[in-house]
Amino acid sequence: MTADSRRLHPFKDKAPEDYKLPDLNPYLKMHREMGPPVVTAEEAPELRGRWAEAYGREAPLHLEIGPGNGFYLSGMAQRHPQCNWLGVEIRFKRVVLCAKKIIAAGVQDTARIARYDAWQLGDLFAPGELAGLHINFPDPWKKDRHEKHRLLGPELAEWAAEALAPGAHVRVKSDHRPNLERMAAACAPHAFSELAWSEDVGRDGAPWEDDLTTNYQSKFDKRGEPTYALLLQRD
């Protein structure tokens, strides 16, 4: 499914029995059987505007888009137990890996991983529901013909301007500087302030306190290659 078709049609997950070869991917069934901290694609939209129910408490809600194996998500939940942490990931295996990382870190009370499409986050959050947004190393889609696949852009900025509460921060890291340039430009027409940049997080540090170095970032640090970072604030 292309990015354009995802925008036009609501995200719908299929039940395992609806797949021709449901046992081909063991994570398809596994993620549904885990229970919390996993939130299935059917459950996630039902929590729009009331995510506190998924945690059994009221607390600032922070979202990481594309948490991968869950290292950052679980690590931030350990460091900031006063917040509720949520990752949104589309791939079955990564959902399971995130869930296992959350459980291993002992933060299943304050962290959740939802299987959903990052292009359709409007299904999941009411206006002003998010206290923070975290994006680490999104796919850059460097070629011009792949522009429509780039997550960081006008649609994400428009959604974030609505979903983030005033004062909420947006933290973005990437090894591809044009990624951040696109995000900054896309947010400029909306109620965002550009607070700070880092041209090399490994050398100069991140433009925010309490940074967490992901496994992916450490690869660039070891090679002496820069990781760029951008900090925005919802006005």
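Here we summarise the structure given alongside this text. These numbers were taken from a predicted model, which means no experiment stands behind them. (Residues numbered from 1 in each chain as written. Predicted model: local features only at pLDDT ≥ 70, side-chain atom pairs only at ≥ 80, totals over all residues. Heavy atoms only, no water.)

What follows concerns the pattern of salt bridges. Tallied over the full model, the rule gives ten salt bridges. Here E53 and R50 are joined by a salt bridge, their closest N and O atoms 2.4 Å apart. The exposure class assigned to E53 is exposed, which follows from its relative accessible area of 52%. R177 is the salt-bridge partner of E199, the closest N and O atoms lying 2.6 Å from each other. On the criterion of sequence distance, the pair formed by E199 in the loop between β7 (192–198) and α8 (201–204) and R177 in helix α7 (residues 177–187) is long-range, its members being 22 residues apart. Residue class for R177 comes out partly exposed when judged on its relative accessible area of 25%. Residues joined in a network through salt bridges with shared partners are D13, R32, E42 and R115. (Salt bridge = Lys/Arg side-chain N within 4 Å of Asp/Glu carboxyl O. Buried < 20%, exposed > 50% of the residue type's maximum accessible area, 1.4 Å probe, protein only. Helix = DSSP H or I, 4+ residues; strand = E, 2+ residues; numbered from the N terminus.)

Once that is clear, we can look at the environment of A52. With respect to the helices, strands and loops of the structure, A52 is situated in helix α3 (residues 52–55). According to the relative accessible area criterion, A52 is buried, its value standing at 18%. Separated by 99 residues in sequence, A52 and L151 have C-alpha atoms that sit 27 Å apart.

Now for the sheet that holds strand β8 (residues 228–234). Pairing within the open sheet is mixed, and its eight strands lie in the order β1-β4-β3-β2-β5-β6-β8-β7. Of all the strands in the sheet, the pair left with one neighbour each is β1 (38–39) and β7. As judged from the six bridges shared by strand β6 (residues 164–174) and β8, these two strands associate in the antiparallel manner. In the sheet register, S174 faces β8, and the bridge partner there is Y228. Against the sheet, helix α4 (residues 71–79) contacts β2 (61–65), β3 (84–89), β4 (111–115), β5 (130–136) and β6, and its axis sits at roughly 175 degrees relative to β3. Contacts from helix α5 (residues 92–104) reach β1, β3 and β4, with the element oriented near 170 degrees to β4. (Pairing = 2+ DSSP bridges. Contact = heavy atoms within 4.5 Å. Axes fitted to C-alpha atoms, helices over the stretch in contact; angles between N-to-C directions.)

Within the largest apolar cluster, 44 residues are counted, with the highest numbers of intra-cluster contacts made by W51, L63, F125 and W159. The leading source of residues in this core is helix α6 (residues 154–163), at six residues. Beyond its immediate chain neighbours, meaning those up to four positions away, W159 contacts L63, L121, G122, F125, L130 and L133. Counting 15 residues, the second largest nonpolar core, distinct from the first, contains L73, M76, A77 and I113. (Core = buried A, V, L, I, M, F, W, Y, C linked by side-chain atoms within 4.5 Å.)

Turning next to α5. For α5, built from 13 residues, the straight-helix expectation of 18 Å at 1.5 Å per residue is met to within 8% by its first-to-last C-alpha distance of 19 Å. Buried within α5 are the following residues: F92, V95, V96, C98, A99 and I102. The buried residues of α5 occupy an angular sector of 160 degrees when projected down its axis, which confines them to one face. Here the buried face of α5 lies against α2 (26–33), β1, α4, β3 and β4. Phi turns positive, to about 70 degrees, at G106, one or two residues after α5. (Expected span 1.5 Å × (residues − 1). Arc of directions from axis to C-beta.)

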